[in-house]
Amino acid sequence: MPKLLSNKLGVIQLEQMAASKSHAITTTPALPENYISALEALLESKKSEAMLALVNKKQEEKIHSLQNLFQVGMTPVKFCKQLNGVNINHISLFLQERKFLYDAQRENKKYHIWRVTSYARDKYFTESPYTIPTEKGSLQLYEIILLKEGAKWLYRHYLKKELPMKKDWNGEFTHDKYLQAA
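Position numbers for residues count from 1 along each chain, tracking the sequence in the order it is written. Only residues with pLDDT of 70 or above have their local features reported here, since the model is predicted, and side-chain atom pairs are shown and tallied only from 80 upward, although totals for entire chains, interfaces and linings are computed over all residues. Only hydrogens and water are set aside when side-chain values are computed; all heavy atoms of the structure are taken into account.

1. Quick word on the side chain of histidine 157
Here is the rule we go by: What counts as a helix is a DSSP run of H or I of at least four residues, what counts as a strand is a run of E of at least two, and both are numbered from the N terminus. Every residue pair with non-hydrogen atoms within 4.5 Å of one another is taken to be in contact.
Structurally, histidine 157 can be placed in helix H5 (residues 148–159). Setting aside its immediate chain neighbours within four residues, histidine 157 contacts Glu162 and Leu163.

Spelled out as structure tokens, the structure:
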């Protein structure tokens, strides 16, 4: 390549780099123009910081109360039994509507044999098989066991008032049975 052509290309590249740098400089946030603008920006920053602190505090409270409620090996019904106002007779049906459980005994409408769907297995719930003796032999049933992610999911829906609630629920989100009785 002739020297003159390579010098022209170098100049063009330098001009393009200078133009892109000047463009980058103009797109950076501008400093406040005066003292009042600076105070307004500081006020906005402090407001957003306070909002984040409040959200963080609420999340910590949720996590703390959830840690006190959840125990390894619990069923969803036992977990929800600790939550004020939840109608535990409808929890399995609620989970079936959300595609977490299915009824393995569909043809017999006398009772349900709940199983965990493949989507929810080992993430939200797991199951433990057991057999019981009957007049016609033995029957295999499954205990649905709540996992930590499942407890979080249920608790989030409880706080959003999306779980099946009792008709006489007082609207309070309490977890202490002693407070509920008072």
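2. Notes on the pattern of salt bridges
Convention followed: In what follows, salt bridge is the name for a side-chain nitrogen of Lys or Arg lying within 4 Å of a carboxyl oxygen of Asp or Glu. Only protein chains enter the accessibility calculation, which uses a 1.4 Å probe. A residue is then buried if its area is under 20% of the maximum for its type, exposed if over 50%, and partly exposed in between.
Here the structure, examined in full by the defined rule, presents four salt bridges. Arginine 98 is the partner of glutamate 97 in a salt bridge, and the nearest nitrogen-oxygen pair spans 3.3 Å. The exposure class assigned to glutamate 97 is exposed, which follows from its relative accessible area of 56%. Salt-bridge contacts for glutamate 149 lead to lysine 152; the nearest nitrogen and oxygen are separated by 3.3 Å. Linking glutamate 149 with lysine 152, this pair stays in helix H5, spanning three residues, or about one helical turn. Taking the relative accessible area as the measure of exposure, glutamate 149 reaches 36% and is therefore partly exposed.

3. Some words on the pairing of strand S4 (residues 137–146)
The line we're drawing: Strands are labelled as partners when DSSP assigns at least two bridges between them.
Sheet analysis places strand S3 (residues 125–134) next to S4, joined by ten bridges and oriented antiparallel. Within S4, the position partnered with threonine 131 by the bridge is glutamine 140.

4. Here we look at H5
Which entries qualify depends on this criterion: To estimate the expected span of a helix, subtract one from its residue number and multiply by 1.5 Å.
For H5, built from twelve residues, the straight-helix expectation of 16 Å at 1.5 Å per residue is met to within 8% by its first-to-last C-alpha distance of 17 Å. Inspection of H5 places Gly150, Ala151, Trp153, Leu154, Tyr155, His157 and Tyr158 among the buried residues, and these make up the whole buried set. Taken from the residues just after H5, lysine 161 is the one with a positive phi, measuring 60°.

5. Some points on unusual backbone geometry
Phi is positive for lysine 99, which is not a glycine, with a value near 65°. Here lysine 99 lies in the loop between helix H4 (91–97) and strand S1 (101–103). A positive phi angle, close to 60°, is found at lysine 161, a residue other than glycine. Along the chain, the position of lysine 161 falls in the loop between H5 and helix H6 (177–181).

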